[in-house]
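Tertiary structure, described
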Amino acid sequence: MFNYIIRRILIAIPILLGITIIDFLIVNMAPGNPVDMMVSPNVTGAALELKKAALGLNQPLYVQYWHWLVNILQLNFGYSMTTYQPVGDMLAQRIGPTMLLMGLSLIVGLLIAVPLGIVSATHQNSTLDYVATGGAFFGVSIPNFFLGLGLIYIFAVRLKVLPSSGMFTLGGNNGIADTAAHLVLPVIVLAVQIAGQDIRYVRSGMLEILGQDYLRTARAKGLKESVVINRHALRNALITIITVIGMQIPLLFGGAVITEQIFAWPGIGQLTIDSISGRDYPTLMAINLIAAVMVLAANLLTDIMYSVVDPRVKYN
Amino acid sequence: MGYMLSVRNLQTAFHTDAGEIVSVEDVSFDLNPGETLGIVGESGCGKSVTSLSIIRLLGKSGRISKGEIQFENQDLAKMNEKEMRKIRGGRISMIFQEPMTSLNPVFTIGYQMQETICLHLQMGKKESRAYAIEMLKKVGIPRAESVIDNYPHELSGGMRQRVMIAMALSCKPKLLIADEPTTALDVTIQAQILELMKKLRKESGTSIMLITHDLGVVAEMADRIIVMYAGQVIESADVYTLFDHPAHPYTIGLMNSIPTVDLDDSKRLESITGTVPSMYQKIRGCRFCNRCKYVTERCRNEAPPLTQQGEGHLARCFFAGNLPQKKEA
């Protein structure tokens, strides 16, 4: 097992390198560059060229990439080209709010999806099943920004019970209750989407298991139906559930671009938008790198979890 | 008469999109304590549905629509789910066809065995573990002390079926329903499992309902046999009578399609042409009429009743007893 993990980590290094090269190319292929964003009637062309040279943007791409890579290997994310702050500090500021928002949304989403997915599988083709799958369809289909704006209109504008944006009330006491109130709407928006996807995964995973012979054996032993479902079936369905969670862990760090933007949530998602519109290469690359590392780490973690819940899975 | 199990006019129906479909009809038989009853027939003739009706594991769509199942003076057909649970795994237990998939892959052998033992015998953890090991030894599993902590995938098919048998017999059932217990196993393992079942039957006095399509297996094991076809009992007799004087053309056909050692190599093995009619087809006359060599106009229009052919020998054919017997090879 230990050898397996080491091997997977070693394999991840070239993959990660490949990802950063592709990311770097795509980011640079996008029209414009950080200096173009500074153009104004008061700036001369010569000054812009000077700025370009200062930022190293006049060098060939492979040289720029090499500089970036050497810095990253020293854990130096560089400085933002728009705010001139260290990228590492900017990320550190943003990661907390994003993890809070996404973690909570993921938990709420799973708390809805897992029980509902199971019940809708055990009561296949019942009214409850139709309501659950219909709800899931709604959750997946409705655009985030639409649901977000709708909720803001109802709860913030009309009813005035919840704040519409940010993480704290300006001039407020910055207490837990205040942040909690700010969390409600974005968490609902994200949880609806997450639950919508997961209900369908859990339901189909569970349905597959409900037809298995060993559940008939369990019933033939005289076990209660609740034990048959919650112990014998669910333990097997965990494999599906772990896969689903594994796919969503990277979201914890990548944030939700659109939802964070709508609710002005000071997280990674918003930073992504800002750095894209400012062509802030170092920041964009740092966000991409973190996302890539998280995807690889989550995949590895998922594979390790498989061997924990399923004795048939062995790595060596 | 103190039959242990007495099934009377059992009818089982399944709810489908095409309405309710009767799968098993007018099935009656009795079973004495310690006796082995073989139920034979080809796939889809209602053998398994009959056995699942007795243990009431028909699933959501199936139900017993008529008849009664008297088991130790209780009617299982009318029992509620809670009472039924006490009987399942306790006084009636079941082993299934597929040992590869009948055990839960994520729990150890010990866990799955102890689950039943704790439930029905009110034993504690330690006690039930010792008992489970004892049962595993009884079914001939070597190194039972370590096998108990194995997962199903670490055992071979034959071993798993032994585990299933150990599990099924652990609560000393009065009735063991074995649904094709050896079909998925290779011949040597099959012989071992049958030998084991015989030995355990002798020791425990458990009655066995053996469901199979293998006539060799019933000849070996059963005291009495019922032959089913298209959801009905078409012949029932003790094992000697059935093999020596089969009365129904279907049974005769089955007997003739067994290869024998002295069979002439140049001759083709006899077979029954056609297939079992599906449950969706409505048949007015005899259900076997489309495949029967001796079919008459009467057979197509009128359903034959089960008639007495001799002591304890019933057959569902107008011409039972007047048909040519086994062809000599």
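Here is what the cut-offs are and how they apply
Residues numbered from 1 in each chain as written. Chains lettered and ligands numbered in written order. Predicted model: local features only at pLDDT ≥ 70, side-chain atom pairs only at ≥ 80, totals over all residues. Heavy atoms only, no water. UniProt positions renumbered as here; feature names shortened; annotations may be inferred. Helix = DSSP H or I, 4+ residues; strand = E, 2+ residues; numbered from the N terminus. Expected span 1.5 Å × (residues − 1). Buried < 20%, exposed > 50% of the residue type's maximum accessible area, 1.4 Å probe, protein only. Contact = heavy atoms within 4.5 Å. Domains from an automatic or database assignment. Buried area = accessible area lost by both parts, 1.4 Å probe. Salt bridge = Lys/Arg side-chain N within 4 Å of Asp/Glu carboxyl O. Polar contact = N/O pair within 3.5 Å; in protein donor to acceptor, adjacent residues only side chain to side chain. Nonpolar A, V, L, I, M, F, W, Y, C, P; charged D, E, K, R; others polar. Pairing = 2+ DSSP bridges. Axes fitted to C-alpha atoms, helices over the stretch in contact; angles between N-to-C directions. Core = buried A, V, L, I, M, F, W, Y, C linked by side-chain atoms within 4.5 Å.

By the naming in an unreviewed UniProt entry, chain B is Dipeptide transport ATP-binding protein DppD, taken from Caproicibacter fermentans. Reading the Sequence similarities (unreviewed entry) entry of the UniProt record for chain B gives the comment "Belongs to the ABC transporter superfamily." In its Subcellular location (unreviewed entry) section, the UniProt record describing chain B reads: "Cell membrane".

If you check an unreviewed UniProt entry, chain A appears there as ABC transporter permease from Caproicibacter fermentans. According to its UniProt record, chain A has this under Sequence similarities (unreviewed entry): "Belongs to the binding-protein-dependent transport system permease family." Here chain A is described in UniProt, under the heading Subcellular location (unreviewed entry), as follows: "Cell membrane".

What to know about helix α4 (residues 125-138) of chain B
Residue and element names in this part refer to chain B. Taking 1.5 Å per residue as the helical rise, α4 with its 14 residues ought to reach 20 Å, and the 20 Å between its terminal C-alpha atoms agrees with that figure. The complete set of buried residues in α4 reads Ser128, Tyr131, Ala132, Ile133, Met135 and Leu136. Its buried side turned inward, α4 meets α3 (109-121), α5 (144-147) and α6 (157-169).

Re the UniProt feature "transmembrane region" (unreviewed entry) in chain A
Residues and elements named next belong to chain A. UniProt records the feature "transmembrane region" (unreviewed entry) at residues 9-30, 99-118, 130-157, 238-264 and 284-309, using the numbering of this structure. Summarising residues 130-157: 93% helix, 0% strand, and an end-to-end C-alpha distance of 33 Å. Along residues 284-309, the helical share is 100% and the strand share 0%, with 37 Å between the first and last C-alpha atoms.

Some points on the domain arrangement of chain B
All names here are of chain B. Once the domains are mapped, chain B shows domain 1 (5-222) and domain 2 (246-315). For domain 1 and domain 2, the distance between their C-alpha centroids amounts to 29 Å. Every contact between the two is made by 11 residues of domain 1 and, on the other side, nine residues of domain 2. Summed over both sides, the interface of domain 1 with domain 2 buries roughly 800 Å², with 65% coming from carbon and sulfur. Inspection of the domain 1/domain 2 interface yields two salt bridges. Note that Arg287 and Glu25 form a salt bridge whose closest N and O atoms lie 2.3 Å from each other. The tally of links from domain 1 across to domain 2 stands at three residue pairs in polar contact (both at pLDDT 80 or more). Here the element with the most residues in the side of domain 1 that touches domain 2 is strand β2 (residues 19-31); it accounts for four residues. Partitioned by chemical class, the residues of the side of domain 1 that touches domain 2 number four nonpolar, five polar and two charged.

Some details on the UniProt feature "domain: ABC transporter" (unreviewed entry) in chain B
The UniProt entry lists residues 5-255 of chain B under the feature "domain: ABC transporter" (unreviewed entry), expressed in the numbering used here. Counting secondary structure, residues 5-255 of chain B comes out at 39% helix and 28% strand; the distance between its end C-alpha atoms is 28 Å.

Remarks on the sheet that holds β2(B)
Spatially, β2-β1-β4-β5 (chain B) is the arrangement adopted by the four strands of the open sheet, whose pairing is antiparallel. The sheet terminates laterally at β2 and β5 (74-75) of chain B, the two strands that pair on one side only.

Thoughts on the interface of chain B and chain A
How large an interface is tends to be reported as the accessible area lost when its parts come together. Each partner contributes to the interface: chain B provides 27 residues, whereas chain A provides 20 residues. Where chain B abuts chain A, roughly 2200 Å² becomes buried across the two surfaces, and 58% of that area is made up of carbon and sulfur atoms. Remark: the boundary between chain B and chain A carries two salt bridges. Linking A:Lys221 and B:Glu115 is a salt bridge whose minimum nitrogen-to-oxygen distance equals 3.0 Å. Where chain B packs against chain A, one counts 13 residue pairs in polar contact (both at pLDDT 80 or more).

Re the pairing of strand β6 (residues 92-95) of chain B
All names here are of chain B. Every second residue of β6 is oriented toward a common face, with Ile92 and Met94 on one face and Ser93 and Ile95 on the other, all of them buried. Looking at chain direction, β6 and strand β7 (residues 175-179) are connected through four bridges and run parallel. Bridge pairing in β7 places Ile92 opposite Leu175.

A closer look at the sheet that holds strand β12 (residues 313-315) of chain B
Residues and elements named next belong to chain B. Ordered in space as β6-β7-β8-β3-β9-β10-β12-β11, the eight strands form an open sheet in which the pairing is mixed. Sheet topology places β6 and β11 (307-310) at the edges, where each strand pairs with a single neighbour. Within the sheet, the average angular offset between the axes of one strand and its neighbour, ignoring direction, is 20 degrees. Pairing between strand β10 (residues 232-238) and β12: two bridges, direction antiparallel. Bridging across to β12, Ser236 finds its partner in Leu314. With respect to the sheet, α6 is in contact with β6 and β7, its orientation differing from that of β6 by roughly 175 degrees.

Digging into the nonpolar core
Ranked by size, the top nonpolar core spans 72 residues in total, and within it B:Leu5, B:Ile54, B:Leu175 and B:Met209 carry the most contacts. Here this core gets seven residues from one element, more than from any other, and that element is α6(B).

Observations regarding the pattern of salt bridges
A full pass over the atoms with the stated rule returns 21 salt bridges over all chains. Between B:Glu115 and A:Arg231 there is a salt bridge; the shortest N-O distance is 2.8 Å. Of this pair, B:Glu115 sits in helix α3 while A:Arg231 sits in helix α9 (residues 225-254), on two different chains. Taking the relative accessible area as the measure of exposure, B:Glu115 reaches 8% and is therefore buried. In this structure, the salt-bridge partner of B:Glu35 is B:Arg224, at a minimum N-O distance of 3.4 Å. In this pair, B:Glu35 sits in the loop between β2 and β3 (36-40) while B:Arg224 sits in strand β9 (residues 224-229), placing the two residues 189 residues apart along the sequence.

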